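Fold and contact review
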Amino acid sequence: MSLLKVDNLTLGYSSRIVAENISFSVEEGDYLCVVGENGSGKSTLMKTLLGLQEPISGEIQVGDGLKRNEIGYLPQQTVVQRDFPASVQEVVQSGCQARMGIRPFYNREEKKMVREAMEKLGILDIAGKSYRHLSGGQQQRVLLARALCATRRILLLDEPVSGLDPKVTMEMYEIIKTLNDEGVTIIMISHDIEAAVKYASNILHVGNRVFFGTKEDYRNSEIGRYFLEGVNQDGGAEDVG
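Residues numbered from 1 in each chain as written. Predicted model: local features only at pLDDT ≥ 70, side-chain atom pairs only at ≥ 80, totals over all residues. Heavy atoms only, no water.

A few points about the overall build of the chain
Per the secondary structure count, the chain includes ten helices and nine strands. By the compact-globule yardstick of 18 Å for 241 residues, the chain fits well, its C-alpha radius of gyration being 18 Å. Within the chain, contacts between residues separated by at least 24 positions form 67% of all contacts whose residues are at least 6 apart in sequence. Side-chain charges in the chain split into 27 positive and 33 negative, and the spacing between the mean points of these groups amounts to 7 Å. (Helix = DSSP H or I, 4+ residues; strand = E, 2+ residues; numbered from the N terminus. Rg over C-alpha atoms; globule rule 2.2 N^0.38 Å. Contact = heavy atoms within 4.5 Å. Lys, Arg positive; Asp, Glu negative; His and termini not counted. Charge placed at Lys NZ, Arg CZ, Asp CG, Glu CD.)

Dropping the structure here:
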């Protein structure tokens, strides 16, 4: 069975519908990019997949032995979170808390996991630095390492390059692609359709029209051609996030 299977999902708050008719599946090792216009329900979908919000209707099935606490999450940062007064290592370690239960200390395996995650993200040399004093790109690396400590199976990333300069943006995309190549399943909300069709294996487009399929099928679809032509005419990535 798929890691995640979503069938005819309707999303919203109380009686206000923000997205509907959403169906897709995620297999082990997939790289799914979720794209769509502003306000199309992408972040609401992410919260629903995480169990932070109930759908209005439809079904989400979790399979292949995946547990809810095996889903790592990298949310969009708020101003308050950017000023969090903790060291890099403390932030990364906090990703292990779900598996610790009531145990107050990190065990040897968790400490090793934290070190490996920091090495993988290139932040081991700043482990003792204050998170609040890092650049935006460094903070995103720290949060991605934290998410990796929560799970090595599937990561949900909500616009992980938002607010980053072009060079750091490309570095983050390459890091995420490397993680996927190493077997981590990725579901990423992106406002950058060009990057989505470059890096992802599958595309979910939500909004007035819904598309789910491979990136090749998306390029050839009516909705994909419409948005990709808009990007090319503007001479750069169109913000449809």
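A few points about the nonpolar core
Ranked by internal contacts, the top residues of the largest apolar core, which has 50 residues, are V92, I123, L144, L155, I203 and Y218. Once residues lying within four places of it in the same chain are set aside, the contact partners of L144 are L74, L121, L155, L157, M172, I175, I176 and L179. Ranked by size, the runner-up nonpolar core spans 24 residues in total, among them M46, I154, I187 and I189. (Core = buried A, V, L, I, M, F, W, Y, C linked by side-chain atoms within 4.5 Å. Buried < 20%, exposed > 50% of the residue type's maximum accessible area, 1.4 Å probe, protein only.)

What about the environment of H133?
Along the polypeptide, H133 turns up in the loop between α5 (108-120) and α6 (136-150). By relative accessible area, H133 is classed as exposed at 66%. Separated by 127 residues in sequence, H133 and V6 place their C-alpha atoms 40 Å apart.

Observations regarding the pattern of salt bridges
Opposite charge on two side chains makes pairing possible when the charged atoms of those side chains draw close. Taken as a whole, this structure holds six salt bridges when the rule is applied. The partner of R153 in a salt bridge is E28, with the nearest N and O atoms 3.0 Å apart. With R153 in the loop between α6 and β6 (154-158) and E28 in the loop between β2 (16-26) and β3 (31-36), the pair connects residues that are 125 residues apart, well separated along the chain. On the basis of relative accessible area, E28 is assigned to the partly exposed category, the value being 41%. (Salt bridge = Lys/Arg side-chain N within 4 Å of Asp/Glu carboxyl O.)

Details of the side chain of S190
Mapped onto the fold, S190 is located in the loop between β7 (185-189) and α8 (193-199). Only 3.0 Å separates the side chain of S190 from the backbone nitrogen of D192, close enough to count as a polar contact. (Polar contact = N/O pair within 3.5 Å; in protein donor to acceptor, adjacent residues only side chain to side chain.)

Describing helix α1 (residues 42-49)
Counting buried residues along α1, six of its eight residues qualify, which places the element largely inside the surrounding structure. Those residues of α1 not exposed but buried are K42, T44, L45, M46, T48 and L49. Of the residues trailing α1, G51 is marked for its positive phi of about 80°.

Section: the side chain of D158
Positionally, D158 belongs in strand β6. There is no salt bridge for the buried D158, and the closest opposite charge comes from K47, which lies 7.0 Å off by N-O distance. Within the structure, D158 has its side chain in polar contact with the side chain of Q76 (distance 3.2 Å). When sequence neighbours within four positions are dropped, the list of residues in contact with D158 reads S43, M46, Y73, L74, P75, Q76 and I189.

Some thoughts on the environment of P104
Checked against the element boundaries, P104 lands in the loop between α4 (97-100) and α5. Owing to a relative accessible area of 61%, P104 belongs among the exposed residues under this scheme. For the pair P104 and E59, spaced 45 residues apart in sequence, the C-alpha separation works out to 36 Å.

Quick word on the sheet that holds β2
Taken in spatial order, the three strands line up as β2-β1-β4 in an open sheet, and their pairing is antiparallel. Among the strands making up the open sheet, the edge pair consists of β2 and β4 (57-62). On average, each strand axis in the sheet is inclined to that of its neighbour by 25°, with strand direction left out of account. Taken together, the seven bridges between strand β1 (residues 4-13) and β2 define a ladder with antiparallel strand orientation. If you follow Y13 over to β2, its bridge partner there is R16. (Pairing = 2+ DSSP bridges. Axes fitted to C-alpha atoms, helices over the stretch in contact; angles between N-to-C directions.)

All quantities given are derived from atomic positions and should not be read as evidence of function.
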